[in-house]
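Given next are the chains, with one letter for each unit.
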Amino acid sequence: MITCKSRAEVLLMERATRIVQEVLAECVAAVRPGATTEEIDRVADEGIKARGGKPAFLGYRGYPKSICVSINDEVVHGIPSSKRKLREGDLVGLDLGAIVDGYYGDAARTVGAGKIAPELQQLLTTTWEALVAGVEAVNVGGKIGDIGAAVEAVAGRQGYGIVREFVGHGIGTSLHEKPEVPNYGPAGRREAIREGMTLAIEPMLNLGRHEVRVGSDGWTVRTVDGKPSAHFEHTVVATAAGPVVLGFGRYSAEKSLPGVPAFSEYPSAASFRRGAVA
Ligand code: CO
């Protein structure tokens, strides 16, 4: 069943996703050559709890950590470890979820550790643009297939492989709800997009071929050809005025501001630390 959420429900999801975005900013600040992925998990776990949220991934189907950190050829679901150190030039995917009063927020960003190669920067930028295109296709009256078609159009321009085995999803009182949201078309197919539908849109683009495999830990998804992959994710609500991305203060009791926040609108760790009461 696909559930459409009330304003009160979406407000809780806005709070959950706000926590995710703020804590992702802290995690981004912790990404540097020499840091272990376990250290990033600690930032994530403590950051969510300090803000009154609950880590959504910890214990989910037995997942052992609070964040997924996926490096280079790892596509998604990399498990943090004290044995895994980031190196200069690594492409680092950070995927985080939080729960507030039973409602979920889910978002992901990919960043470089230190200076990254131009082809990785291009992959990162294009995956972000694919996310933006996907979000802009969340229109009441449209179809779920429109989202994937929009993602595909952007990814195809660069010839990147689009991961097919993992998809975006409905989200609400569970991390994964119906419908599935693939990152490929065709447009005009699949479920109707209705007002109050909340979706996690999450393109995963590979520098090489699209095929992926799950590793022996049962979680880590890697590209089969060993080439790097990037991942961005937003939690979005469909409104009559258009898609609203949650976690950026664009959805409140007073207003809802459709459209996609610019790359520069992500909170930075410094921006809220400055305003914090130590
Ligand atoms: Co997700």
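Look up a bit, the structure's there.
Everything numeric in this text was worked out from a predicted model, so none of it was measured.

About the cut-offs
Here the residue numbers are simple positions, counted from 1 along each chain's written sequence. For a predicted model such as this one, the threshold for reporting local features is a pLDDT of at least 70, and the threshold for listing and counting side-chain atom pairs is 80 or more; totals across whole chains, interfaces and linings nevertheless cover every residue. Numbering of helices and strands starts at the N terminus; helices are DSSP runs of H or I of at least 4 residues and strands are runs of E of at least 2. By this rule the span expected of a helix is its residue count minus one, scaled by 1.5 Å. Burial in this document is a count-based property: other C-beta atoms within 10 Å of a residue's C-beta are tallied, and the residue is buried at 20 or more, exposed at 12 or fewer, or partly exposed in between, with C-beta positions derived from the backbone. Here, strands pair whenever DSSP counts at least two bridges between them. Nonpolar core, as used here: buried Ala, Val, Leu, Ile, Met, Phe, Trp, Tyr and Cys residues forming one set through C-beta atoms within 7 Å. We call two residues in contact whenever the C-beta atoms placed from their backbones are within 7 Å. The convention used is that axes are lines fitted to C-alpha atoms, helices contributing only their stretch in contact, and that angles between N-to-C directions extend from 0 to 180 degrees. Here is the rule for angles: anything less than 35 degrees is roughly parallel, anything more than 145 is roughly antiparallel, 65 through 115 is roughly perpendicular, and the remaining ranges are oblique. For any pair of crossing helices, the crossing counts as left-handed if the nearer helix is rotated counterclockwise from the farther one by less than a right angle, and right-handed if it is rotated clockwise.

## Focus on helix H1 (residues 7-30)
- End to end, H1 covers 34 Å across 24 residues, agreeing with the expected 34 Å (1.5 Å per residue, within 8%).
- Of all 24 residues that make up H1, 18 are buried, and the element is covered over most of its length.

## Some points on helix H3 (residues 118-136)
- Here H3 spans 27 Å end to end across 19 residues, near enough to the 27 Å set by a 1.5 Å rise per residue.
- For H3, every residue scored as buried is listed here: Leu123, Leu124, Thr127, Ala130, Leu131, Val132, Ala133, Gly134 and Val135.

## Focus: the pairing of strand E2 (residues 67-71)
- Summarising burial for E2: five of the five residues are buried, a large majority.
- Alternating positions in E2 separate into two faces, Ile67, Val69 and Ile71 on one and Cys68 and Ser70 on the other, with burial throughout.
- Direction of pairing for E2 relative to strand E4 (residues 91-100): antiparallel, over a ladder of five bridges. From the neighbouring strand, Ile71 faces E4, where its bridge partner is Val92.

## Brief notes about the nonpolar core
- Core analysis: the biggest nonpolar cluster contains 77 residues, and Ala16, Cys27, Ile67, Leu96, Ala98 and Val236 have the highest contact counts within it.
- Take this core: its biggest share by element is eleven residues, from H1.
- Ignoring anything within four residues of it in the chain, the contact list for Ala98 reads Ala16, Ile19, Val20, Ile48, Gly53, Lys54, Pro55, Ala56 and Gly105.

## Points about the environment of Glu9
- Note on placement: Glu9 falls in helix H1.
- With 19 C-beta atoms counted inside 10 Å, the residue Glu9 sits in the partly exposed group.
- Through-space distance from the C-alpha of Glu9 to that of Tyr251 is 11 Å; in sequence the pair is 242 residues apart.

## Examining the packing of H3 against helix H4 (residues 144-158)
- Orientation of H3 relative to H4, taken along the N-to-C sense of each, is 155°, at an axis distance of 7 Å. The pairing of H3 with H4 is recorded here as roughly antiparallel in orientation. Seen along the crossing, H3 lies across H4 with a hand that is right-handed. Residues Gln122, Thr126, Glu129, Ala130, Ala133, Gly134 and Glu136 of H3 lie in contact with H4, whose contacting residues are Ile147, Ala150, Val151, Ala153, Val154, Ala155 and Gln158.

## Concerning unusual backbone geometry
- The peptide bond linking Lys178 to Pro179 adopts the cis configuration, its omega dihedral lying at 0°.
- Take Pro179: it is sitting in strand E8 (residues 177-181).
- In this structure, the amide linkage connecting Gly185 to the following residue, Pro186, adopts the cis form with an omega of 5°.
- A positive phi is found at Arg61, a non-glycine position, where the angle reads about 50°.
- On the secondary structure map, Arg61 appears in the loop between strand E1 (54-55) and E2.

## Remarks on the sheet that holds strand E12 (residues 221-223)
- Strand order in the open sheet formed by three strands is E3-E12-E11, with antiparallel pairing between adjacent strands. The open sheet has two edge strands with one neighbour each: strand E3 (74-76) and strand E11 (212-214). When the angles between neighbouring strand axes are averaged without regard to direction, this sheet yields 40°.

## A word on the sheet that holds strand E13 (residues 229-231)
- In space, the three strands of this open sheet follow the order E6-E10-E13, with antiparallel pairing throughout. Each edge of the open sheet is held by one strand with a lone partner, namely strand E6 (161-162) and E13.
- Taken together, the three bridges between strand E10 (residues 204-206) and E13 define a ladder with antiparallel strand orientation. The residue of E13 that forms the bridge with Asn206 is Ser229.

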